[in-house]
Amino acid sequence: MSVSEGKKATRQRVIMTELALSPSVRTSELAMQLGVSAETVRRDIEELTRRGLVSRTYGGATGLQLGLQPGFQDRDATAVQERDAIARMAVRMVKPGDVLMIDSGSTTAHFARALAYAVDGLTVITNGLAVAQALAPQKKTRVVFCPGEFSADEGGVYGPDTCAFLDRFNANIAFIGASGLTLDGPNDVVSNACWVKRKMLERADRRVLLVTSSKFNRRHLELVCSLKDLSDVVTEAPPGEPLVEVLQVSGVSLHVSSTRYLEKA
């Protein structure tokens, strides 16, 4: 790949990542972010449109695919401050000696990095490579890594072996991420990931969704579970009134930044 082709691929990954975090993007804003001309961004958007990945609009683009999202590495490099704020709050839920299940994902990886030296004596069961790598250096934490088929795009293992393995364990808390959160519940792009998330929620006493506010009201391919199957949602900014109301009715505690807005009844 030539240097120019490499730069173009990088720009297009940024465009796709931004569309995973927002329903639409503007050419002028992308040009400033990328340090290139608006015409260069328009050509990138035109190529992504021809490939069926985005829909070109006047002055920008919108996402097309319910079943596509950027790979783990690209997601992990975005919304870093938001994910770090979520991670710091989620760590407060954990106490020494807890058994945790943590699924593979960019937000859960940030959580694992914050957790690594914050709480001693944990047992963490995970299907996420970045989660295991973050916790492994902490000698007082036992890390149990699931078997399964490895996905380089998602940075984790999935499949029937993964779910069967999880079925052997019980956990105090399950921490999962999601591609979106609607009034129906959390949803995700990857079906295999949905099965792992469901199994972790099933095996845990407390069931926590870690999600950035950019994912509110975003629909993707598959529903993970209903809201009532969660006990807590941790985010960095409050959602709109309809989602707040439905979370409350469903008995879900909403934790925003450093403030707990809703308590379970």
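This text goes with the structure placed above it.
Residues numbered from 1 in each chain as written. Predicted model: local features only at pLDDT ≥ 70, side-chain atom pairs only at ≥ 80, totals over all residues. Heavy atoms only, no water.

Peer 1: Explain the sheet that holds strand β11 (residues 186-188) to me, using residue names and the numbers behind them.
Peer 2: Pairing between the strands of a sheet is mediated by backbone hydrogen bonds and can be parallel or antiparallel. Strand order in the open sheet made by the 3 strands is β10-β11-β13, with antiparallel pairing throughout. Each of the sheet's edge strands pairs with one partner strand only, and the pair in question is β10 (180-181) and β13 (222-223). Sheet analysis places β10 next to β11, joined by 2 bridges and oriented antiparallel. Across the sheet, G180 pairs through a bridge with N187, a residue of β11. (Pairing = 2+ DSSP bridges. Helix = DSSP H or I, 4+ residues; strand = E, 2+ residues; numbered from the N terminus.)

Peer 1: How would you summarise the pairing of strand β15 (residues 253-256) if you had to cite specific residues and measurements?
Peer 2: In β15, alternate side chains face the same way, and those of S253 and H255 on one face and L254 and V256 on the other are all buried. Pairing geometry for strand β14 (residues 232-235) and β15, over 4 bridges, is parallel. Bridging across to β15, D232 finds its partner in S253. Following the chain from β14 across helix α10 (residues 241-249) to the adjacent parallel β15, one finds a crossover that is right-handed. (Buried < 20%, exposed > 50% of the residue type's maximum accessible area, 1.4 Å probe, protein only. Right-handed = clockwise from strand over helix to strand, strands pointing away.)

Peer 1: Please provide a residue-by-residue account of the packing of aromatic side chains, values included.
Peer 2: Using the criterion set out here, one finds 2 aromatic pairs in the structure. Ring centres 4.4 Å apart and planes at 40° place the aromatic pair F111 and F175 in the tilted group. Remark: F175 occurs in strand β9 (residues 171-176) and F111 occurs in helix α6 (residues 106-115); sequence separation between them is 64 residues. Overall, F111 belongs to the buried group, its relative accessible area being 0%. Measuring from centroid to centroid gives 5.1 Å for F165 and F169, while their planes differ by 55°, and the two rings are tilted. Take F165: its relative accessible area is 14%, and that puts it in the buried class. (Phe/Tyr/Trp six-rings, centres within 6.5 Å; stacked < 30°, edge-to-face > 60°.)

Peer 1: Residues and numbers for the side chain of K199, please.
Peer 2: Mapped onto the secondary structure, K199 falls in helix α9 (residues 191-202). Ignoring sequence-local partners within four residues, the contact set of K199 consists of C163, L166 and D167. (Contact = heavy atoms within 4.5 Å.)

Peer 1: So what about the pattern of salt bridges? Which residues, and what values?
Peer 2: If you walk through the whole model with that rule in mind, you get 14 salt bridges. E39 serves as the salt-bridge partner of R43, at 3.9 Å between the closest nitrogen and oxygen. Highlighted residues: R43 and E39, both in helix α3 (residues 38-50), separated by 4 residues, approximately one helical turn. Residue K140 is joined to D120 by a salt bridge in which the shortest nitrogen-to-oxygen separation is 3.8 Å. Linking K140 in the loop between α7 (129-135) and β6 (142-145) with D120 in the loop between α6 and β5 (123-126), this pair joins segments that are 20 residues apart in sequence. Relative accessible area serves as the criterion here: at 35%, D120 is assigned to the partly exposed category. In this structure, a network of salt bridges that share partners links the residues D167, K199, E202 and R203. (Salt bridge = Lys/Arg side-chain N within 4 Å of Asp/Glu carboxyl O.)

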